[in-house]
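# Examination of the molecular architecture
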Amino acid sequence: MLPSHLNGHSALARRRPRLAAASQPATGGSEEEAADAPLAEHDRIYFQSYSHIGIHEAMIKDRVRTDAYRSAIMHHQKFIEGKVVMDVGCGTGILSVFCARAGAKRVYAVEASEMATQASEIVKANNLNDKVVVIHGRVEDVEVDDKVDVIISEWMGYMLLYESMLPSVLFARDKWLKPGGLILPSHATLFMAPITNSERYEGSVDFWSDVYGINMSALVPLAKKFTSEEPSIEIIGGENVLSWPFVVKHIDCYTFKAEELKSITTKYKVSSMMLAPIHGFGFWFEVEFNGPQDPSDNSPSDLNPLNIIHKKRRRRSDDAVLLSTAPEDEPTHWHQTILYFLDPIEVKQDQIIEGSVTVSQSEENPRFLNIQLDCSTGGQTLVKTYAMR
């Protein structure tokens with residue numbers, strides 16, 4: 001489901017509530033119930049929102065997303081065929097069905113929202129009762145007798161980390177994944193870059209200076225505050241990006257620890273590619289669907305930000321599948337996340353823009369994000385906080 005405010009787009013219940021689960025093996029296609037466990041109120045609201053069909057419709061109709069997952073499953077079919085798969089947060093069960101059709105021996109399709117009931121019916125309707133077990137519950141609350149060969153999950157939220165579903169995938173990894181097993185996606189990278197968007201700024205702020213010949217400039221300060229107080233979920237293009245993207249965080253799903261999500265701080269330094277006003281910073285992500293972990297893949301050079309940034313441009317046709325939400329790529333339902341300034345800052349070509357960004361989980365609700373952005377350029381300094389609710 002798409003965002004709710006700030007340009008019509010804000011945060012939770014806009015994408016999907018899942019943090020899924022698995023349980024003891026059951027008769028194929030039946031729906032298993034995990035043992036009841038008390039849910040925090042924010043988890044209850046989160047899972048309830050994913051019972052709405054609109055969220056699942058938006059995700060499945062996102063062909064960039066759905067085709068990437070289907071391509072990744074077929075690309076790694078040799079690791080799936082005849083093996084046991086766990087789909088963490090299966091939603092409608094579409095990825096579980098893809099895995100079953102790719103030859104998986106058994107798929108534990110785990111889902112914490114009420115959509116598990118429909119997922120079970122979808123499994124039966126596609127004659128996969130003997131392969132797919134739909135389990136209703138949180139992954140943290142259930143038990144599965146089998147170790148699994150593959151974990152697949154579509155856990156990414158806006159700005160990659162919103163909704164905080166990744167910890168559930170890591171929990172499943174630590175509890176059930178066999179050594180040398182496959183995780184899809186295997187890696188994720190969050191990027192940022194300064195952006196210019198005069199059309200958006202003029203339409204939301206300068207608009208109030210003259211409305212049908214009426215001077216309504218008294219509303220301009222309110223419009224600026226409204227535009228810049230929360231992250232905005234919208235689509236921008238490559239022409240809006242003022243510099244090469246900077247890596248905020250690279251996540252290796254084979255080794256990453258959930259505690260690292262509590263607070264992520266990165267210092268950045270980029271150079272403007274043109275003369276233009278900076279209206280804020282844009283954030284987007286990409287995920288890779290690489291094969292099982294190879295120790296040689298963790299060399300320092302592989303994690304060098306420049307290597308990560310340019311990796312996509314060096315890909316060959318036999319490389320792993322990449323799902324990108326970058327401005328220059330085909331739009332997805334994630335769009336991009338924009339942190340707008342209260343007032344634009346003019347920059348010249350080659351002018352240095354530097355500072356730091358901290359992304360941390362909210363204490364009131366770990367599915368929410370608090371963001372602090374520090375920016376210095378041309379003698380001007382800006383420090384601003386944003387709450388992604």
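Here the structure is a predicted model, which means the values were calculated and not measured.

Parameters at a glance
- Residues numbered from 1 in each chain as written.
- Predicted model: local features only at pLDDT ≥ 70, side-chain atom pairs only at ≥ 80, totals over all residues.
- Heavy atoms only, no water.
- Helix = DSSP H or I, 4+ residues; strand = E, 2+ residues; numbered from the N terminus.
- Buried < 20%, exposed > 50% of the residue type's maximum accessible area, 1.4 Å probe, protein only.
- Polar contact = N/O pair within 3.5 Å; in protein donor to acceptor, adjacent residues only side chain to side chain.
- Contact = heavy atoms within 4.5 Å.
- Pairing = 2+ DSSP bridges.
- Axes fitted to C-alpha atoms, helices over the stretch in contact; angles between N-to-C directions.
- pLDDT = per-residue confidence, 0-100.

This part is about the side chain of T337. Position of T337 among the secondary structure elements: in strand β13 (residues 336-347). We classify T337 as buried; its relative accessible area is 1%. Here the side chain of T337 touches M159 through a polar contact of 3.4 Å, landing on its backbone nitrogen. Apart from residues no more than four positions distant in its own chain, T337 is found in contact with Y158, M159, P231, S232, I233, F281, G282, F283 and M388.

Strand order in the open sheet formed by four strands is β10-β14-β15-β16, and the pairing between neighbours is antiparallel. Since the sheet does not close on itself, it has two edges, and those belong to β10 (263-271) and β16 (380-388), each with one partner. Direction aside, the axes of adjacent strands within the sheet are offset by 15° on average. Inspection of the sheet shows β10 paired to strand β14 (residues 352-361) by nine bridges, in the antiparallel sense. Across the sheet, the residue bridging to K267 is S356, located in β14.

Attention shifts here to helix α5 (residues 94-101). The buried fraction of α5 amounts to six of the eight residues, a majority that puts the element mostly inside the structure. Residues of α5 that are buried: L95, S96, V97, F98, C99 and A100. For α5, the secondary structure elements touched by its buried residues are α3 (63-75), α4 (77-80), β2 (84-88), β3 (106-111), β4 (132-136) and β5 (148-152). Phi turns positive one or two residues past the end of α5, at G103, with a value near 105°.

Turning to unusual backbone geometry, a few remarks are in order. Cis geometry is adopted by the peptide bond preceding P185, which originates at L184 and carries an omega value of -5°. Locating P185 in the fold gives a position in the loop between β6 (177-184) and β7 (187-195). Backbone geometry places N127, a non-glycine residue, at a positive phi of 55°. Looking at where N127 falls in the secondary structure, it is placed in the loop between α6 (115-125) and β4. N127 gets classed as exposed once you look at its relative accessible area, which sits at 65%. Look at Y212: it is not a glycine, yet its phi comes out positive at around 55°. Inspection of the secondary structure assignment puts Y212 in the loop between α8 (198-204) and α9 (220-228).

Moving on, we get to the confidence of the model for the chain. The share of residues in the chain with pLDDT of 70 or more is 81%, and the mean pLDDT across the chain is 87. For the stretch residues 299-303, pLDDT sits under 50, and the model shows seven contacts to residues farther than four places along the chain or on other chains.

This part covers the pairing of strand β15 (residues 369-377). Residues L369, I371, L373, C375 and T377 point to one face of β15 and are all buried, whereas N370, Q372, D374 and S376, pointing to the other face, are not buried. Two elements, β15 and β16, share nine bridges in a ladder whose sense is antiparallel. Bridge pairing in β16 links C375 to L382. If you look at the hairpin formed by β15 and β16, you'll find two residues sitting between the two strands, and G378 has a positive phi there, around 55°.

The next thing to look at is the pairing of β7. Counting buried positions along β7 gives nine out of nine residues, so the element sits mostly inside the fold. Side chains H187, T189, F191, A193 and I195 project from β7 onto one buried face, and the interleaved A188, L190, M192 and P194 project onto a second face that is buried too. In this sheet, strand β9 (residues 246-252) lies alongside β7 in antiparallel orientation, the contact comprising six bridges. Within the sheet, the bridge partner assigned to T189 lies in β9 and is H250. Two strands pair when backbone bridges link them, and β7 and strand β11 (residues 276-289) are joined in this way by nine bridges, in the antiparallel orientation. Its bridge partner being in β11, L190 is matched across the sheet by F285.

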